[in-house]
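# Structural description and commentary
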Amino acid sequence: MRLRVLYIGINRSYVNPTTDNILNGIGELTDCYRYGPGYVSEQLLEEGVEAFVQQKGGVDLLLTDSMIMEVEDFVNNPYLFENETIYFERRLYYTFAKDLKKYFVNAKQKKIFIANWDFYIVSEKQVEYLVNDPNLLVISNVDKNSSFSVEEVNRIGNKMIEDILKEYPNRNSVWHNFVTDYSHKIISLPNTVGRHNFVYTPLSNRNYRYCVPGFPYAERICARKLYNKSERIHHLRMEFLFLIEKISRKLHIPRPYNWGQKQVERLFYRASNSRICFTSGAVTRTPIAKYFEIPASGSVLVCQRFAGFENLGFQNGVNCLVAEDIFELESIIENYSLEEYQRIADAGRNLIWRFHSDVPRTAQLSACLERISLGEFNGSFWKDGEYILR
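Note that this is a predicted model, so its numbers are computed, not measured.

Calculation rules
Residues numbered from 1 in each chain as written. Predicted model: local features only at pLDDT ≥ 70, side-chain atom pairs only at ≥ 80, totals over all residues. Heavy atoms only, no water. Helix = DSSP H or I, 4+ residues; strand = E, 2+ residues; numbered from the N terminus. Rg over C-alpha atoms; globule rule 2.2 N^0.38 Å. Buried < 20%, exposed > 50% of the residue type's maximum accessible area, 1.4 Å probe, protein only. Contact = heavy atoms within 4.5 Å. Areas by Shrake-Rupley, 256 points an atom, 1.4 Å probe, with all protein chains shown as cover. Lys, Arg positive; Asp, Glu negative; His and termini not counted. Charge placed at Lys NZ, Arg CZ, Asp CG, Glu CD. Phe/Tyr/Trp six-rings, centres within 6.5 Å; stacked < 30°, edge-to-face > 60°. Lys NZ or Arg CZ within 6 Å of the ring centre and 35° of its normal. Pairing = 2+ DSSP bridges. Right-handed = clockwise from strand over helix to strand, strands pointing away.

Below, the discussion takes up the overall build of the protein chain. A tally of regular secondary structure across the protein chain gives 16 helices and 14 strands. For 390 residues, the compact-globule estimate of 2.2 N^0.38 gives 21 Å, and the protein chain sits close to it at 21 Å. Counting only C-alpha atoms, the protein chain reaches 65 × 50 × 40 Å along its principal axes. For the protein chain, buried positions account for 55% of its 390 residues. Expressed as a percentage of contacts within the protein chain between residues at least 6 apart in sequence, the contacts between residues at least 24 apart total 73%. Summing over all exposed atoms, the protein chain offers an accessible surface of approximately 18000 Å²; the carbon and sulfur share of this is 50%. If you average the places of the 47 positive and of the 47 negative side-chain charges in the protein chain, the two averages end up 3 Å apart.

Enumeration over the complete set of coordinates arrives at 20 aromatic pairs. Pairing Phe119 with Trp175 gives two aromatic rings, centres 5.5 Å apart and planes at 15 degrees, and the pair type is stacked. One end of the pair, Phe119, is in the loop between strand 6 (111–114) and helix 7 (124–132); the other, Trp175, is in helix 9 (residues 174–181), with 56 residues separating them in the sequence. Given the relative accessible area of 1%, Trp175 is considered buried. Ring-pair connections join several aromatic residues into one group, and the members of that group are Phe113, Trp117, Phe119, Trp175, Phe178 and Tyr182. We note Lys111 situated over the ring of Phe104; from NZ or CZ to the ring centre the distance is 5.4 Å. The ring of Phe309 is capped by Arg305, whose NZ or CZ atom sits 4.7 Å from the centre of that ring.

Here strand 11 (residues 300–303) shows no split at all, with Val300 and Val302 on one side and Leu301 and Cys303 on the other all buried. Bridging between strand 10 (residues 274–279) and strand 11 involves 4 bridges; their strand directions are parallel. Bridged to Phe278 within strand 11 is Val302. Handedness of the β-α-β unit built from strand 10, helix 13 (residues 290–296) and strand 11 comes out right-handed.

A separate point is the environment of Asn177. Mapped onto the secondary structure, Asn177 falls in helix 9. A sequence separation of 29 residues divides Asn177 from Phe148, and the C-alpha atoms of the two residues are 9.2 Å apart.

What follows is about unusual backbone geometry. Positive phi values are uncommon outside glycine, yet Arg285 reaches one of about 55 degrees. Summarising the element assignment, Arg285 is placed in the loop between strand 10 and helix 13. The class for Arg285 is buried, based on a relative accessible area of 4%.

So, in C-alpha cells, the structure goes:
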C-alpha cells in the first residue's frame, strides 16, 4: 500500500529547484497531497488543515520546509519572495502560515522537515525543535560526510581569498554539528539535477572557452580574472543585470515574479555553451547545486575541493579537475587538450546521471521511505561515492 503524505507549504518556484525535485520524487512514490497558500483555495485554508486531513481520510506522513518553520522571521523580511515565483496572494502567507506551523509542530506522527536554508548561519534555536521531536526526520543536502565545521574550513584555508576570516564572519558549525551528532535523523539528499537538464553537445561545438557562473563569491571574482575578451564582454552584460538588481533592492522595487527562474536559465545557458566552468561553494566549501549542474551541462567542472568531494563520487582528473589557486586554474585552462577535456566532461556527466539526477535520487528516497514506513530508518549518508542506509 502506498504511503499517504501531506506536504504543508506554499506553492512557489524558487531559484534553487531542490525542494521541487524532492516533492516531485515523493509524488512519484506516494499519494502526496499538498496544502497551503497556492495549493488549495482560500476557503479550504480558512477551514484549516485538520479538516483537510479528515476529508482525505488521514495521512501517514507529514512534510514541511523552512518557509513554514521560520514563518516568524520571514513575515518581517522586506525581501520575502523576491527570488521566486509565487502562485498565491502574499497576504495568504501572512494570514495562515503560523497556523500551519502550529499544526505541524503539534502533530504526534511521523514528520519530515526539508532543510532548505543556508546551513552556515543556522542558529541553535532553529535546530532545537529538530533535536527534541522524536517523530521528526530531516531531509538535508549535506550529511556527516559532506559538511565541514568552521574550524575545518579555516584550517584548510583558501588561496583565492585574501582574508578567510572576513568572509561570512557570522558563519557557524551548528548545522554541521547537528547532521553529525543526530545522523540517525538525516535523510541525505544532495542537490539533484532533473533529467531534462542534461546536455550532450560536444565541447568542440561550444561558443565559450571558459566561464564562472553564479553569485560573485570572492574566489569566483578571482577566477574571472582569467576571462578572455569575448568572455569578459559577455560577463559585463551579466554584471549589468546584477547591478540593476542591486539598485532595485536599494529602492525596494519588487522583482518580477519570474526573476529567479530567468536567472537560472541565463546561468545554465552559459554553462551549457562553455567548455570549462569554474565554481566554488563559497568560503564554507558547501556542495552547492553548481557542482552537479555544471557536469550535467556537459562542461568540464573545475573547482576547489568541497565538503564531501570523494564521498559524493567526485575524482580529480577523472570526472572533474581541482584548482585551489589561480595558478592551478590557469594551467588547467591553458594546458589540456580538447580530447582530455571531453573525456573528463563525459565522465562528470555520467557521474551526475548515475548518482545525482532525479532518476537515482528517487530510488534513494524510495529506500528511505520504505524503512521509515517499517520503523527501521536510522539515517543515511554518502561514503566513497555510494549511498548508505544505516
